[in-house]
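# Results of the structural survey
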Amino acid sequence: MTYLQFLMIFLLLPLSAIYFKFQKSSLPNKKQFRFGIFLLIFLAVSYTTPWDNYLVKTGVWIYGEGRILGTIGYVPIEEYLFFVLQTLFSGLICFLLQEFFPLKKEAKKSSVDMMILSFYVLIFLIGVFCLGQDQTRYLGLILSWAMPVLILQWAIGGKFLIKNKNIFFFSTILPSFYLWIADGLAISWGIWSISEKYTIGLKLGSLPFEEAVFFFITNLMVSQGVILFVVMEKEMSQLLNLKKRVIKWASWS
């Protein structure tokens, strides 16, 4: 199986069904979601591209011979498509979970916000420490790359994430579990592999521990982003209005 065939079967097919459900849904906040998901895709591609190129260049990720169409930089074309499809897949699941857990747009700050924020800062420091050893290199690259995003999200709207903890939890776990299975199959089929030199060696079947962490954290980033874009509609509107005023003021100057 090629990487493109893998994407068509494991992401495009379920994504088509989920998107059909989204189109038929009468849930509110679709406008905010569309804006948010397109921005999240842009940020995901922009932020992940240099990191991903480094992983492939240094041999952390390896792709099977004859399994890819070609590369942009060091990264397969299909990998860039994966960024887009995973963000859409996880984001739509998060949005549709409103049917079971309606989003709450009012929240108060609590000490839990700071505790979680401090926890992510600690994980970031652990990630930086892990970069110093070959065996923990991949784990360190994941944690030091992802934690600044999670820290920023919690600093901006941690109170909303706590208030919507049910949708936040399930919208992270469900796509993560599915992608763990898909990733494990892709590795066992030789579509790609993870260097044993840069991993701790802990596996669940053919799925390395680091890959499980990677998909959990990336889905966490997407689910938090979607929730914040939808529930912080007022804040986003104020930010956009402020931006317009600044641009108008600059044009007069």
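The structure this text deals with has already been given above.
Residues numbered from 1 in each chain as written. Predicted model: local features only at pLDDT ≥ 70, side-chain atom pairs only at ≥ 80, totals over all residues. Heavy atoms only, no water.

### Regarding the side chain of Glu78
The line we're drawing: Note on conventions: DSSP H or I runs of at least 4 residues are helices, E runs of at least 2 residues are strands, and numbering of each starts at the N terminus. To sort residues, take the accessible area from a 1.4 Å probe on protein chains only and compare it with the maximum for the residue type: under 20% means buried, over 50% means exposed, and anything in between is partly exposed. The positive count covers Lys and Arg only, the negative count covers Asp and Glu only, and His and the chain ends enter neither. When a carboxyl oxygen of Asp or Glu is within 4 Å of a side-chain nitrogen of Lys or Arg, the pair counts as a salt bridge. Residues are treated as being in contact if the distance between any of their heavy atoms lies within 4.5 Å.
With respect to the element layout, Glu78 can be found in helix H3 (residues 77–96). No salt bridge is formed by the buried Glu78. Its closest oppositely charged neighbour is Arg67, at 10 Å. Residue contacts for Glu78: discarding those within four places in its chain leaves Tyr3, Leu4, Leu7, Arg67, Ile68, Leu69 and Gly70.

### Thoughts on the packing of aromatic side chains
Let me state the cut-off plainly: Only Phe, Tyr and Trp rings take part, Trp by its six-membered ring, and two of them pair if their centres are within 6.5 Å. Stacked means planes under 30 degrees apart, edge-to-face means over 60, and tilted covers everything else. By definition, being over a ring means that NZ of Lys or CZ of Arg is both within 6 Å of the ring centre and within 35 degrees of the ring normal.
Enumeration over the complete set of coordinates arrives at 28 aromatic pairs. For the pair Trp51 and Phe214, a centre-to-centre distance of 5.8 Å together with 10° between the ring planes defines the contact as stacked. Here Trp51, found in helix H2 (residues 30–57), pairs with Phe214, found in helix H7 (residues 209–231); they are 163 residues apart in sequence, far enough to count as distant. The exposure class assigned to Trp51 is buried, which follows from its relative accessible area of 9%. For Lys30, the ring lying beneath its charged end belongs to Phe22, and the centroid distance is 5.0 Å.

### Observations concerning helix H4 (residues 111–130)
This is how it is decided: Here a helix's expected span is defined as the number of its residues, less one, multiplied by 1.5 Å. To obtain the arc, one takes the directions from the helix axis to the C-beta atoms.
Here H4 spans 29 Å end to end across 20 residues, near enough to the 28 Å set by a 1.5 Å rise per residue. Looking only at H4, the buried set comprises Asp113, Leu117, Tyr120, Ile123, Gly127 and Cys130. For H4, the buried positions fall inside an angular range of 130° around the axis, keeping them on one side. Exposed side chains of H4 directed beyond 90 degrees from the buried face belong to Ser111, Met114, Met115, Leu125 and Phe129. Considering only its buried residues, H4 is in contact with helix H5 (137–163) and H7.

### Digging into the packing of helix H1 (residues 3–24) against helix H6 (residues 165–188)
Put simply, the test is: Axis angles are defined between N-to-C directions and span 0 to 180 degrees, where every axis is a line fitted to C-alpha atoms and, for a helix, only to the segment in contact. For classification purposes, angles smaller than 35 degrees are called roughly parallel, those larger than 145 roughly antiparallel, those between 65 and 115 roughly perpendicular, and all remaining angles oblique. Crossing handedness: left-handed means the near helix sits turned counterclockwise from the far one by under a right angle, and right-handed means the same turn made clockwise.
Viewed as axis vectors pointing N to C, H1 and H6 meet at an angle of 165°, and their least axial separation amounts to 11 Å. Between H1 and H6, the angle is such that the two are roughly antiparallel. Along this stretch, H1 crosses H6, giving a crossing that reads as right-handed. Contacts from Phe6, Phe10, Leu11 and Pro14 of H1 reach H6 at Tyr178, Leu179, Ala182, Leu185 and Ala186.

### Comments concerning the environment of Val56
Mapped onto the fold, Val56 is located in helix H2. Overall, Val56 belongs to the buried group, its relative accessible area being 16%. Aside from chain neighbours lying at most four places away, what touches Val56 is Trp61, Tyr63, Tyr74 and Val75.

### So, a nonpolar patch on the surface
In plain terms, the rule: Distance thresholds for patches are 9 Å for like charges and 5 Å for nonpolar side chains (Val, Leu, Ile, Met, Phe, Trp, Tyr), applied to residues having over 30% relative accessible area and no salt bridge. Throughout, the Shrake-Rupley method with a 1.4 Å probe supplies accessible areas, and for residues the shown protein chains are the sole cover considered.
Taken together, the side chains of Met1, Leu4, Met8, Ile9, Leu12, Leu13, Leu69, Ile72, Ile77, Leu81 and Trp189 present a nonpolar region at the surface, about 970 Å² in accessible area. Among the elements of the structure, H1 and H3 are those that each provide at least two residues to the nonpolar patch. Along the chain, Leu13 falls in helix H1. Accessibility expressed as a relative area gives 57% for Leu13, which makes it exposed.

### Quick look at the environment of Tyr198
You can see Tyr198 is positioned in the loop between strand S4 (192–194) and strand S5 (203–204). Taking the C-alpha atoms as reference points, Tyr198 and Thr136, 62 residues apart in sequence, are found 6.0 Å from one another. Tyr198 has contacts with Thr58, Gly59, Val60, Asp134, Gln135, Thr136, Arg137 and Tyr138, leaving out every residue within four places of it along the chain.

### Some thoughts on a positive patch on the surface
Short version of the rule: Where a charge lies is defined by one atom per residue type: Lys uses NZ, Arg uses CZ, Asp uses CG and Glu uses CD.
The grouping of Lys104, Lys108, Lys163 and Lys165 at the surface amounts to a positive patch. Mapped onto the secondary structure, Lys163 falls in helix H5. For Lys163, a relative accessible area of 40% gives the class partly exposed.

### A few points about the pattern of salt bridges
Counted under the stated rule, the structure contains two salt bridges. Put simply, Lys21 and Glu99 hold a salt bridge, and the shortest N to O gap is 3.5 Å. Taken together, the residues Lys21 in helix H1 and Glu99 in the loop between H3 and H4 connect sequence positions 78 residues apart. The residue Asp134 makes a salt bridge to Arg137 at a minimum N-O spacing of 2.8 Å. For Asp134, a relative accessible area of 34% puts it in the partly exposed group.

Everything listed here is a matter of geometry and, on its own, says nothing about what the molecule does.
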